[in-house]
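What the coordinates show
One letter stands for each residue in the lines below.
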Amino acid sequence: MPTIRIALAQINSTVGDLAQNTQKIIEWIAQAKKKGADIVAFPELSLTGYPPEDLLLKPHFIRDNQIALKKILPHCAGITAIIGFVDQSSDTTIRSGRSAAIHNAAAVIQNKKIGLLYHKQHLPNYGVFDEARYFQPGNKADVFVLNNVTIGVNICEDIWVENGPAQSQTQVCGADLIINISASPYRTGVMDVRENLLATRARENQVHVAYVNLVGGQDELVFDGGSLIFDQTGKMIAREKSFEEAMTIADLSIGKKQTLLGGKPTKPDQRSVYKALKLGLFDYVQKNRFDKVVIGLSGGIDSALTAIIAADTLGPKRVIGVFMPSRYTSKESVEDVEKLAGNLGIRLETISIEPSFCTTLNALSEMFKNRPADQTEENLQSRIRGNMMMALSNKFGWLVLTTGNKSEMSVGYATLYGDMAGGFAVIKDLWKTVVYQVARDRNKDGHPIPKRVLTRPPTAELRFNQADTDSLPPYDVLDPILAAYIEEDCALEQIVAMGFEEKTVAKVIALVDNSEFKRRQSPIGVRITHKGLGKDRRMPITNNYRNY
């Protein structure tokens, strides 16, 4: 019975850092060799990091990635390695005036030489993916043999396609094992979807399937790892941890029931959203070489959750909270901010915006004469706070974390150049109702969020007795409407048919459509749903189509 020991190395690559990525791959190859692996597989584009985006338009970047691949070859004595990289080939049908086509590729290195090259055939061009902009699709589904086991390699989307390369590799080329190298970003629910898909591919092709996924944060994307192995019946025999670098080692006896070395597969983590937020923040801070982050604390739930995520991720000493009260700030907010900072052990600075607010109002008094106070004066306060936060960032090199959630950003309930000013938006893809869910779940571990913050009606405190519901429907009504309109592209009549009042739905849709210009200028943030407000959404700002 043919047997093979396989290692799946889910590593955290950094986009563009070819030297670091190369060294990391070499080190993990050495680890796999020490554990007696016959073959080790790395994620999609692990050499360049994913997604490299317009770095792929630079010929010298393609060249340097090929040079980096060659540096790995001498380290593959006694072990086969599968490396994701960018390959280049001559092609008379290529686009954009290139002299050569580039491919999202996998190199199979055997005996210190490249024995097989596989080019990704199905290039995703939806949501956050834009691979057709850069790559040419491959058209060959070759296999290779190791320890009398016939192995097919394909890349990410290839295995999602029914009757795709996996079928050709098994039914035409006789593969016993399919290794899929992937860079599949996290979103809520995706783990179950992946498992079902891979189990189906294994079962329908009667082949073992090993899936290795990238881990780490890249701008708004988070890759969760969670590498998997299935036997030919579709039974899961290995599942790796999520949201951290790890290596899965398994002995596969082709045709027999398999077991993972070291124990049973772990159960899915019920707090995956929180882990995704932490990983996305950590890698953005580390890979962009920030030492500290600064957060404007208001006494509300959004800034509280952002602060806790930052403290949990970076440690309290790397987090600074700034409280900027005004004439409208309540006593409750003062108390809750101080209690939160004390619970987290973070540094708290208090800077009143009242002097600046008074000065600005005085400077504008002649221009504003005979006009009643309105949203303009409210936004002034937010913009003064934004100026102060960015001044602290400039002076001390701190990264400003904004605190807006997906509900607010969707309807434009945020101030451009005010509370939207900053470098990274941790909870940008969390609906307000989900913010509360995540916060309550986190509070099970020590209750760092003051109880009143979780129960008090949300307010911007830009005027006396202000509440979010003065401007918006209650969040338990707003969020389902927004999810249907933004994430599912439902029309007004479809949303009304779900049981919502037509007037309310029309108002919400109008708010979303009229706020596109704000979102285009907002900082990036961690994506955790299948359709975020960043790369997933590409609506024109100048747009006169209306569905209300």
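Across the sheet, six strands lie side by side as 6-7-8-9-12-13; this open sheet has mixed pairing. The open sheet has two free edges, formed respectively by strand 6 (143-146) and strand 13 (236-239), since each of these has just one partner strand. Each strand of the sheet is rotated relative to its neighbour by a mean of 20 degrees, with strand direction disregarded. Relative to strand 9 (residues 208-213), strand 8 (residues 177-182) is paired through six bridges, and the arrangement is parallel. Across the sheet, residue S182 finds its bridge partner in strand 9, namely N213. Along the sheet face, helix 4 (residues 165-172) touches strand 6, strand 7 (149-155) and strand 8 and points at about 165 degrees away from the line of strand 7. Here helix 5 (residues 190-205) sits on the sheet and contacts strand 9, strand 12 (228-230) and strand 13; the angle it forms with strand 12, its principal contact strand, is near 35 degrees.

Summed over the entire model, instances satisfying the criterion amount to six aromatic pairs. Ring geometry for Y328 and F464: centres 4.8 Å apart, planes at 75 degrees, overall edge-to-face. With Y328 in the loop between strand 16 (319-323) and helix 8 (331-344) and F464 in the loop between helix 13 (451-455) and helix 14 (475-487), this pair connects stretches of sequence that are 136 residues apart.

The five strands are arranged 17-16-15-18-19 in an open sheet whose pairing can be described as parallel. The sheet terminates laterally at strand 17 (347-350) and strand 19 (424-425), the two strands that pair on one side only. Here strand 16 pairs with strand 17 via four bridges, running parallel. Of the residues in strand 17, the one forming a bridge with F323 is T350. Running at roughly 155 degrees to strand 15 (residues 293-297), helix 7 (residues 301-314) makes contact with strand 15, strand 16 and strand 18 (399-402) of the sheet.

Before going further, it helps to spend a moment on the pattern of salt bridges. Here the idea is simple: oppositely charged side chains can pair when their charged atoms come close. Per the stated rule, a full pass over the model turns up 34 salt bridges. When the shortest N-O distance is used, the salt bridge between K120 and E131 registers 3.0 Å. With a gap of eleven residues between them, K120 in the loop between strand 5 (113-119) and strand 6 and E131 in the loop between strand 5 and strand 6 connect regions that are remote in the sequence. For the pair shown, K120 and E131 are each scored as buried. Between R452 and E335 there is a salt bridge whose closest N-O contact spans 2.9 Å. Of the two residues, R452 is situated in helix 13 and E335 in helix 8; the sequence distance between them amounts to 117 residues. Classification of R452 by relative accessible area gives partly exposed; the value is 31%. Three or more residues joined by partner-sharing salt bridges are found here, namely R271, D441, K444 and D445.

Scoring rules and cut-offs
Residues numbered from 1 in each chain as written. Predicted model: local features only at pLDDT ≥ 70, side-chain atom pairs only at ≥ 80, totals over all residues. Heavy atoms only, no water. Pairing = 2+ DSSP bridges. Helix = DSSP H or I, 4+ residues; strand = E, 2+ residues; numbered from the N terminus. Axes fitted to C-alpha atoms, helices over the stretch in contact; angles between N-to-C directions. Contact = heavy atoms within 4.5 Å. Phe/Tyr/Trp six-rings, centres within 6.5 Å; stacked < 30°, edge-to-face > 60°. Salt bridge = Lys/Arg side-chain N within 4 Å of Asp/Glu carboxyl O. Buried < 20%, exposed > 50% of the residue type's maximum accessible area, 1.4 Å probe, protein only.

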